[in-house]
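Given next are the chains, with one letter for each unit.
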Amino acid sequence: MTIRHFLQFRDFTRAEFEHLFERTRVIKQRFKAYRKYHPLADRTLVMIFEKSSTRTRLSFEAGMQQLGGNAIYLNTRDSQLGRGEPVEDAAQVISRMSDLVMVRTFEQDIIERFAANSRVPVINGLTNEYHPCQILADIYTCIEQRGTIQGKTVAWIGDSNNVCNTWLQAAEVFDFNVHVSTPPGYEVEPERAGLFGDGHYEEFADPMDAARGADLVTTDVWTSMGFEAENEERMKDFADWQVDADMMRVAAREALFMHCLPAHRGEEVEAAVIDGPQSAVWDEAENRLHVQKALMEYLLLGKVNS
Ligand code: CP
Ligand code: NVA
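Since the model is a prediction, treat every value here as computed from it, not as a measurement.

(A) Fine view of the site of ligand 2. Every residue close to ligand 2 is listed here: Leu126, Asn161, Asn162, Asp220, Ser224, Met225 and Leu261. Here a nitrogen atom of ligand 2 sits 2.8 Å away from a polar atom, N or O, in the side chain of Ser224. Across the complex, the protein chains shield 93% of the 270 Å² of accessible surface that ligand 2 would expose by itself. The residue makeup of the shell around ligand 2, split by class, is three nonpolar, three polar and one charged.

Spelled out as C-alpha cells, the structure:
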C-alpha cells in the first residue's frame, strides 16, 4: 500500500481538500458541542521540531488528544536528531514506533528524505520552502467567512517565503489569483515554489497595486526562522512593505486580512489592521486545530463520513 504524505500543498487534489473541508466542518461543530470523537484511540503522533513553534505544536498536540490519540514532542536540542543521526535512520526508527509523524525543519529535502524512509504518513509542519497546514487553515477560514476562494484575488505583501509559496501552490489547486508584491531581490522563485505554471499569480512593484481590489490581503514576518542573519538588511529592504490601513482601503470593501502569526506590529503589519475589524487572524489560528484534525483522520483512516 502506498503511504500518503502531506509534504507540500500540491500533494493533495482539490477533491481531497473538499473532503477535508467538509470533515473539518463536522469535526469543528462536534468539538464546539463538547461531543466526544475518538477515532484515533491508541494512535501515536510524533512531532519533530527543529524550529520554534506555538500554534503548530499546540494544534497538533491538542488535536491528537481530542481525537483520542497521543502526541509525543521531540526537538533537536534533546534528541539524537541534533547530534548528527542521519534523517533516514531517524525516520526508520520513529516510524516503527508511531502511526503518524509531523516534522518542522529547514530545507524541504530533509522532510522528503524523512518521508522516503517512513513507514507512516508524514506531515509538513513548516519547512524553509512550504507551510501547507497553514494554508489549509487559511483557505478553510476564507471559505467559512466568504463562501468560496475560487476566482478570488489574494494579495501577498512582503517576503516570497514558505507561506507565500504555499499560497501560490494553492492558487493552482483552487483556481484563484495571487497578486504578489515583494521588495526587489525577494521575488517569487517559481521552481522553489513548486509551481506548475505562472497563470495564477502576478507580481507588482508597488504593494498598493497588489492590494487594489483584493478579496484577501495577507503578509508574514520580514525575516523567517532560519534567516535571522539577514534580519538587519531585511528591516531596511522591507520598510515599504507594511500592510497598513491605506492598503486595506484600496482592497475590496469586504476584504479580509490574514497573517499566519506570530506577527510584528509596526513591521509587516500596522496594529490598526491586525487588530481591526477586517482581521481574521484569531479564527485563522484556531482553524489550524480543526483542519489538522481532519487531515490526521484522513491520513490514518481514509475517507470517513461519520
Ligand atoms: N503559524 C504558525 O505556524 O505558528 P507557530 O510558528 O507558532 O507554530
Ligand atoms: N515564514 C515564517 C512562518 C512562521 C509560522 C517562518 O518560517 O518563520
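(B) Broad picture of the site of ligand 1. Around ligand 1, a shell composed of Ser53, Thr54, Arg55, Thr56, Arg104, His131, Gln134, Cys260, Leu261 and Arg288 is seen. Contact distances for ligand 1 include 3.0 Å between a nitrogen atom and a side-chain N or O atom of Gln134. Within the complex, 95% of the 250 Å² of free accessible area of ligand 1 lies under protein. Among the residues forming the shell around ligand 1, the class breakdown is two nonpolar, five polar and three charged.

(C) Expanded view of the sheet that holds strand 4 (residues 122-124). Strand order in the open sheet made by the four strands is 2-1-3-4, with parallel pairing throughout. If you trace the sheet from one side to the other, it starts and ends with strand 2 (70-75) and strand 4, each paired once. Looking at each pair of strands side by side, their axes are set apart by 20° on average, direction ignored. Alignment of strand 1 (residues 44-49) against strand 3 (residues 100-104), held across five bridges, turns out to be parallel. By the bridge assignment, Leu45 is partnered in strand 3 with Leu100. Taken strand by strand, helix 2 (residues 55-66) contacts strand 1, strand 2, strand 3 and strand 4, and its axis lies near 170° from that of strand 1.

(D) Focus on the packing of aromatic side chains. Enumeration according to the criterion identifies 15 aromatic pairs in this entry. Aromatic side chains Phe6 and Phe12 sit 4.8 Å apart centroid to centroid with 40° between the ring planes, which places their arrangement in the tilted category. Judged by its relative accessible area of 0%, Phe6 falls in the buried class. The exposure class assigned to Phe12 is buried, which follows from its relative accessible area of 2%. Three or more aromatic residues link up through ring pairs in this structure, and these residues are Phe6, Phe9, Phe12, Phe17, Phe21, Tyr140, Phe174 and Tyr298. Just above the ring of Phe196 sits the side chain of Arg10; from NZ or CZ to the centre is 4.6 Å.

(E) Molecular detail of the pairing of strand 8 (residues 216-219). Side chains Leu216 and Thr218 project from strand 8 onto one buried face, and the interleaved Val217 and Thr219 project onto a second face that is buried too. Bridging between strand 5 (residues 153-157) and strand 8 involves four bridges; their strand directions are parallel. Each bridged residue has a counterpart across the sheet, and for Ile157 the counterpart in strand 8 is Thr219. Summarising the sheet, strand 8 and strand 9 (residues 256-259) pair through four bridges and their orientation is parallel. From the neighbouring strand, Val217 faces strand 9, where its bridge partner is Phe257.

(F) Main features of the sheet that holds strand 9. Read from one edge to the other, the open sheet built from five strands follows the order 7-6-5-8-9, with strand pairing classed as parallel. Among the strands making up the open sheet, the edge pair consists of strand 7 (201-203) and strand 9. Looking at each pair of strands side by side, their axes are set apart by 20° on average, direction ignored. Taken strand by strand, helix 5 (residues 132-146) contacts strand 8 and strand 9, and its axis lies near 160° from that of strand 9.

(G) A look at the nonpolar core. Ranked by size, the top nonpolar core spans 57 residues in total, and within it Phe17, Ile123, Ile139, Trp167 and Phe176 carry the most contacts. Among the elements that take part in this core, helix 6 (residues 162-174) stands out by supplying eight residues, more than any other. Those residues within four positions of Phe176 in sequence are excluded, and the remaining contacts are Ile139, Ile149, Gly151, Lys152, Val154, Trp167, Ala170, Ala171 and His200. Listed in part, the 23 residues of the second largest apolar core include Met248, Phe257, Ala263 and Ile274.

What counts as what
- Residues numbered from 1 in each chain as written.
- Chains lettered and ligands numbered in written order.
- Predicted model: local features only at pLDDT ≥ 70, side-chain atom pairs only at ≥ 80, totals over all residues.
- Heavy atoms only, no water.
- Near = heavy atom within 4 Å.
- Polar contact = N/O pair within 3.5 Å; in protein donor to acceptor, adjacent residues only side chain to side chain.
- Areas by Shrake-Rupley, 256 points an atom, 1.4 Å probe, with all protein chains shown as cover.
- Nonpolar A, V, L, I, M, F, W, Y, C, P; charged D, E, K, R; others polar.
- Pairing = 2+ DSSP bridges.
- Helix = DSSP H or I, 4+ residues; strand = E, 2+ residues; numbered from the N terminus.
- Axes fitted to C-alpha atoms, helices over the stretch in contact; angles between N-to-C directions.
- Contact = heavy atoms within 4.5 Å.
- Phe/Tyr/Trp six-rings, centres within 6.5 Å; stacked < 30°, edge-to-face > 60°.
- Buried < 20%, exposed > 50% of the residue type's maximum accessible area, 1.4 Å probe, protein only.
- Lys NZ or Arg CZ within 6 Å of the ring centre and 35° of its normal.
- Core = buried A, V, L, I, M, F, W, Y, C linked by side-chain atoms within 4.5 Å.

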